[in-house]
Structure formats: C-alpha cells, structure tokens
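If you want the building blocks of each chain, they are given just below.
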Amino acid sequence: MYAKVVENIYLLVIVTLISVLQNAFFALKVEKECNNQNVKTSAFERVSCANRNCMDAYPTFLAVMWCAGLCLNQAPAAFAGILYLVVRQKYFVGYMGQTSQSTPGYLFGKRILFFLFLMCVVGIFNYLLTRYYGSDYKEYVETITGAASALLLLP
C-alpha cells in the first residue's frame, strides 16, 4: 500500500522540495543584501519586496499543485509546478533589476496557477460524476490535461 501511495505523489514531492530550496535561495539573497548595506537601500527594498511577494503566493501554489496532482494527475501538475518555479525565479530576478522586468513573470505565474486551479476543479468534478453517476472520464481528462500542460509553454 505504501509503495502505491508514493508512486502517485513522488513527482509532487520532488517539485515541493525544489520549491523549498528556491525559497532558501531567496532568503539568502535577502540576507546577503541586508548584510551588504548598513542602511536600507533601494536594492534591499526590491529584494525584500520580491521575496515577500513570492512568499505570499507560495501557499496558493502548493495547495493547487497538490490538489491538481491528487485529484487528477501528478505528471501535468508537477510539470506546471516546475514551470511555476522557473517563472517565479524570473520574477524574482526581474524584480531585483527594474520592477517592470518582473511583470512577464508575474503574469505567466498567474496563468500557471489558473491552469492548476482548473485541473483541481475538473478532478473534483470527475470524482463527483464517478461517485453519483458511474461515469468515469478520468482517462480522457488526463490525456487532455497532459496535452494542455504543453500549451503553458506558449507566451
């Protein structure tokens, strides 16, 4: 039983651990900037604000990624999770330069979160169809979400 559970969540666990490492990287950047300057500078303010913004969206990201992976399929959810981490890195680095450079990362991140949210809704809807009507569309929906996750790469 334990192996079956791990088989269904290992990709989500890997993405979660990578996101923890990314959060540690962001925290180190804030600490480094804080130690470099005795006075609060605009660079420190930008790094600190970027870190805060990333941390504000982090619980939402984890919730929808895990819900999508458990309710529907872990592979597209994990793929979208990796894309979200790449976009979040782009947002953070862009925010350290000019705040206008962070806008594409922010907008793309919202798009990925919306895709994960839709995966959650479809997975729950499929569960309800199976439970109350005996119709299981999970295979079809998994195929569609697998194909749709590749569309996330389009700008």
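In the block above lies the structure referred to throughout.
Note that the structure is predicted; figures quoted are calculated from it, not measured. (Residues numbered from 1 in each chain as written. Predicted model: local features only at pLDDT ≥ 70, side-chain atom pairs only at ≥ 80, totals over all residues. Heavy atoms only, no water.)

Let's hear about the packing of aromatic side chains: which residues, and what values?
Applying the stated rule across the entire model yields six aromatic pairs. When the ring of Phe26 is compared with that of Phe92, the centres are 4.0 Å apart and the planes differ by 15 degrees; the resulting orientation is stacked. Residue Phe26 is found in helix 1 (residues 2–36), and its partner Phe92 is found in helix 3 (residues 74–97); the two are separated by 66 residues along the sequence. Summarising the aromatic geometry, the rings of Tyr91 and Tyr106 are spaced 6.4 Å apart at their centres and angled 45 degrees between planes, so their arrangement reads as tilted. With a gap of 15 residues between them, Tyr91 in helix 3 and Tyr106 in helix 4 (residues 103–133) connect regions that are remote in the sequence. On the basis of relative accessible area, Tyr91 is assigned to the buried category, the value being 10%. Of the aromatic side chains, those joined through ring pairs into one cluster are Phe25, Phe26 and Phe92. It is Arg131 that lies over the ring of Tyr132; its NZ or CZ is 6.0 Å from the centre. (Phe/Tyr/Trp six-rings, centres within 6.5 Å; stacked < 30°, edge-to-face > 60°. Helix = DSSP H or I, 4+ residues; strand = E, 2+ residues; numbered from the N terminus. Buried < 20%, exposed > 50% of the residue type's maximum accessible area, 1.4 Å probe, protein only. Lys NZ or Arg CZ within 6 Å of the ring centre and 35° of its normal.)

How would you sum up the side chain of Glu33? Please name residues and give values.
For Glu33, the location among the structural elements is in helix 1. Buried Glu33, no salt bridge; nearest opposite-charge side chain is Lys32, N-O distance 7.1 Å. Excluding its chain neighbours within four sequence positions, the residues that come into contact with Glu33 are Thr41, Ala43, Phe44 and Val47. (Lys, Arg positive; Asp, Glu negative; His and termini not counted. Salt bridge = Lys/Arg side-chain N within 4 Å of Asp/Glu carboxyl O. Contact = heavy atoms within 4.5 Å.)

Break down the layout of surface pockets for me, with residues and values.
Considering only enclosed or pocket space, the largest pocket measures out at about 200 Å³ in volume. Taken together, Asn53, Cys54, Ala57, Tyr84, Val87, Arg88, Tyr91, Gly105, Tyr106, Gly109, Lys110 and Leu113 make up the lining of the largest pocket. Listing elements by their share of the lining of the largest pocket, those giving two or more residues are helix 2 (42–71), helix 3 and helix 4. A total of five residues in the lining of the largest pocket trace back to one element, the largest contributor, which is helix 4. (1 Å grid on protein atoms, 1.4 Å probe; cavity = no way out; pocket = protein on both sides within 12 Å on 5 of 7 lines; lining within 4 Å. Points joined across faces, edges and corners; volume = space filled by probe spheres on them.)

Describe the environment of Leu83, and please don't skip the residues or the numbers.
As for its position among the elements, Leu83 is in helix 3. Considering only alpha carbons, one finds Leu83 and Cys71, 12 residues apart in sequence, at a separation of 20 Å.

Any details on helix 4? Residues and values, ideally.
Its 31 residues place the ends of helix 4 44 Å apart at the C-alpha level, agreeing with the 45 Å of an ideal helix rising 1.5 Å per residue. Among the residues of helix 4, Gly105, Phe108, Gly109, Ile112, Leu113, Phe115, Leu116, Met119, Cys120, Gly123, Asn126 and Leu129 are the ones counted as buried. Along its buried surface, helix 4 packs onto helix 2, helix 3 and helix 5 (138–151). Downstream of helix 4 by one or two residues, Gly134 has phi in the positive range, about 75 degrees. (Expected span 1.5 Å × (residues − 1).)

With reference to specific residues and values, describe the environment of Ala80.
Topologically, Ala80 is positioned in helix 3. According to the relative accessible area criterion, Ala80 is buried, its value standing at 0%. Distance in space between the C-alpha atoms of Ala80 and Val15 is 9.7 Å, their sequence separation being 65 residues. If we skip the residues at most four places from it in the chain, Ala80 touches Ile112, Phe115, Leu116 and Leu152.

Treat this as a map of the structure, not an account of what it does.
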